[in-house]
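# Overview (structure and organization)
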Amino acid sequence: MEVKQVKLVYFSPTGTTQKVLEGIAKGIGVEGVEQINLTLPEGTQQAIPPFADELVIIGAPVYGGRLPVDAIKRLNNLKATNTLAVLVVVYGNREFEDALLELKNLSIELGFSPVAGAAFIGEHSFATADVPIANGRPDSQDVQRAMDFGARIKDKIAALESPDAKIDLELPGNFPYEAGGARPMAVAPVTIEDTCTVCGTCASVCPTAAISINGSVATEIELCIRCCACIKSCPEGARVMEDSKWKSIATWLNENCSARKEPQLFGVGV
Ligand SMILES: Cc1cc2nc3c(=O)[nH]c(=O)nc-3n(C[C@H](O)[C@H](O)[C@H](O)COP(=O)(O)O)c2cc1C
Ligand code: SF4
Ligand code: SF4
């Protein structure tokens, strides 16, 4: 089977998942790459035409060893027939636990045929310059690995007769799931009023519409999923994590999860 085009479907508040998927698509080496970005609030209602007879790369970050609830909500709108799926989770150098298996199970429920899977590392959402956790990842080495993965996927698919070929893809993880997912904490980043220019960037990147701008920045704490997109995108450094429990989780991750982990690939013979 020849791959002529590929669709990237992802939830990626801080952009690391998107970057990994783009590396994989580059490695597959097709001209037609369509991006279906489900990150913003519209992603929950976006009408996406059903996939048929094609190749889709589905990506999501790992939150608490599982898929983010908001990624599942958006992915549940997808439908597929005779469509091969490459499944990718991106995690912040702690662990990915059951997330990749959960993505496989979800993709099968939606009608996809999983052909390969991978867990890549991305800068942890909670990381800052002062408290680094896998900062700068995916880096050039990770992107190279993503491209190699893409090349291997292309070879694997070239050997298939059709997209409905039955592939037995084994992925790590527990079922029933053991990881508990991201625990609700009822906290959100705060805005340093003196530094904020009320530019609105934070509101425009928030996946849950938790931020509104009306002369100043207001945050609805109950809607916040702690994705940190607002913190990382603020041009003034005016969005910060202030909550002591949240900051101590970041410190723990910095102290215990700094040893570099490498991407793991499944279903491509390595
Ligand atoms: C609420 C929350 C929970 C997270 N849980 C984990 C985790 O269990 N393991 C891990 O290694 N990284 C975890 N992370 C880090 C993200 O998986 C990681 O930063 C990822 O690269 C973010 O993807 P994105 O850039 O596409 O948003 C968590 C991040 C958030 C916001
Ligand atoms: S992105 Fe930063 S500067 Fe802009 S409105 Fe938000 S907090 Fe203020
Ligand atoms: S307010 Fe919360 S959900 Fe919205 S971008 Fe910031 S951290 Fe993410």
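Note that this is a predicted model, so its numbers are computed, not measured. (Residues numbered from 1 in each chain as written. Chains lettered and ligands numbered in written order. Predicted model: local features only at pLDDT ≥ 70, side-chain atom pairs only at ≥ 80, totals over all residues. Heavy atoms only, no water.)

### Observations regarding the pairing of strand β1 (residues 5–10)
When a strand is regular, its side chains alternate between the sheet's two faces. Worth spelling out the cut-off: Under the scheme applied here, a residue whose accessible area is under 20% of the maximum for its type counts as buried, over 50% as exposed, and between as partly exposed, the area being computed with a 1.4 Å probe on protein chains only. Only DSSP runs of H or I with at least four residues qualify as helices, and only runs of E with at least two residues qualify as strands; both kinds are numbered from the N terminus onward. For two strands to be treated as a pair, DSSP must find at least two bridges joining them.
For β1, the tally of buried residues reaches five of six residues, placing the bulk of the element in the interior. Pairing of β1 with strand β2 (residues 32–37), which is carried by six bridges, proceeds in the parallel orientation. Each residue of the ladder has a partner; that of Gln5, found in β2, is Gly32. Across five bridges, β1 lies against strand β4 (residues 55–61) in parallel orientation. The partner of Tyr10 across the bridge, within β4, is Gly59.

### A short note on unusual backbone geometry
At the junction of Arg137 and Pro138, the peptide bond is cis and its omega measures out at 5° in the coordinates. You can see Pro138 is positioned in the loop between β7 (112–121) and α4 (140–158). A cis amide bond links Phe175 with the next residue in sequence, Pro176, at an omega value of 0°. On the secondary structure map, Pro176 appears in the loop between α4 and β8 (190–191). A positive phi angle is found at Asp53, which is not glycine, with a value near 50°. The backbone of Cys228 shows a phi angle near 75°, a positive value even though the residue is not glycine. On the secondary structure map, Cys228 appears in the loop between β10 (217–219) and α6 (229–233). Judged by its relative accessible area of 2%, Cys228 falls in the buried class.

### Regarding the domain arrangement of the chain
Heads up, the rule is: Where each domain starts and ends follows an automatic or database-derived domain assignment. Contacts between residues were defined by any pair of non-hydrogen atoms, one from each residue, lying within 4.5 Å. Simply put, the buried area is the total loss of 1.4 Å probe accessible area from both parts when two parts are fitted together. We define a salt bridge as a side-chain nitrogen of Lys or Arg found within 4 Å of a carboxyl oxygen belonging to Asp or Glu. What qualifies as a polar contact is a pair of N or O atoms within 3.5 Å, subject to a donor-acceptor requirement within protein and to the restriction that residues adjacent in sequence count only when both atoms come from side chains. The nonpolar class holds Ala, Val, Leu, Ile, Met, Phe, Trp, Tyr, Cys and Pro. Asp, Glu, Lys and Arg form the charged class, and all remaining residues, Gly among them, are polar.
Domain boundaries assigned for the chain yield domain 1 (5–177 + 259–266) and domain 2 (190–242). Inter-centroid distance (C-alpha atoms) of domain 1 to domain 2 is 27 Å. Counting residues at the interface gives 15 residues for domain 1, matched by 13 residues for domain 2. Buried area between domain 1 and domain 2, both sides added, is near 1,000 Å², and the carbon and sulfur share of it is 63%. For Glu123, the salt bridge identified is with Lys232, shortest N-O distance 2.8 Å. At the junction of domain 1 with domain 2, the criterion picks out five residue pairs in polar contact (both at pLDDT 80 or more). Its residues assigned to classes, the side of domain 1 that touches domain 2 shows seven nonpolar, five polar and three charged.

### A word on the site of ligand 3
We count it as follows: Note on terminology: near, applied to a residue and a molecule or strand, indicates that one of the residue's heavy atoms is within 4 Å of it.
Surveying the vicinity of ligand 3 reveals the residues Pro189, Cys206, Pro207, Thr208, Ile211, Cys224, Ile225, Arg226, Cys227, Cys228, Cys230 and Arg239. Its residues assigned to classes, the shell around ligand 3 comprises nine nonpolar, one polar and two charged.

### A closer look at the site of ligand 1
This is how it is decided: Surface accessibility follows the Shrake-Rupley procedure with a 1.4 Å probe radius. Residue values consider only the protein chains on display as shielding.
Around ligand 1 sit 26 residues in total, of which Ser12, Thr14, Thr16, Thr17 and Val62 are the nearest. Within the contact set of ligand 1, an oxygen atom lies 2.4 Å away from a side-chain nitrogen or oxygen of Thr14. One nitrogen or oxygen atom from the main chain of Glu123 is found 2.7 Å from an oxygen atom belonging to ligand 1. When ligand 1 sits alone it has 640 Å² of accessible area, and the protein chains cover 97% of it. Residue assignment for the shell around ligand 1 shows that the elements contributing at least two residues are α1 (16–28) and β6 (83–91). Among the residues making up the shell around ligand 1, the classes are represented as ten nonpolar, twelve polar and four charged. Three or more residues apiece are contributed to the shell around ligand 1 by two domains, here domain 1 (5–177 + 259–266) and domain 2 (190–242).

### Some points on the sheet that holds β7
This is how it is decided: Angles shown run from 0 to 180 degrees and are taken between the N-to-C directions of axes, each axis being a line fitted to C-alpha atoms and, for helices, limited to the stretch in contact.
Judged by pairing direction, the sheet is mixed, and its six strands sit side by side in the order β2-β1-β4-β6-β7-β12 without closing on themselves. In this open sheet, the two strands that pair with only one neighbour each are β2 and β12 (264–266). Each adjacent strand pair in this sheet contributes to an overall mean axis angle of 20°, direction not counted. On the sheet, α1 packs against β1, β2, β4, β6 and β7 and is oriented at approximately 155° with respect to β4.

### Observations concerning the environment of Pro235
Within the secondary structure, Pro235 sits in the loop between α6 and β11 (239–240). According to the relative accessible area criterion, Pro235 is exposed, its value standing at 55%. A C-alpha to C-alpha distance of 9.3 Å links Pro235 and Thr197, two positions 38 residues apart in sequence. Apart from the residues lying within four places of it in its own chain, the contact partners of Pro235 are Cys199 and Thr201.

### A closer look at the side chain of Asp70
Note on placement: Asp70 falls in helix α2 (residues 69–75). Sequence-distant contacts of Asp70, defined by excluding residues within four places in its chain, comprise Phe11, Thr208 and Ile225.

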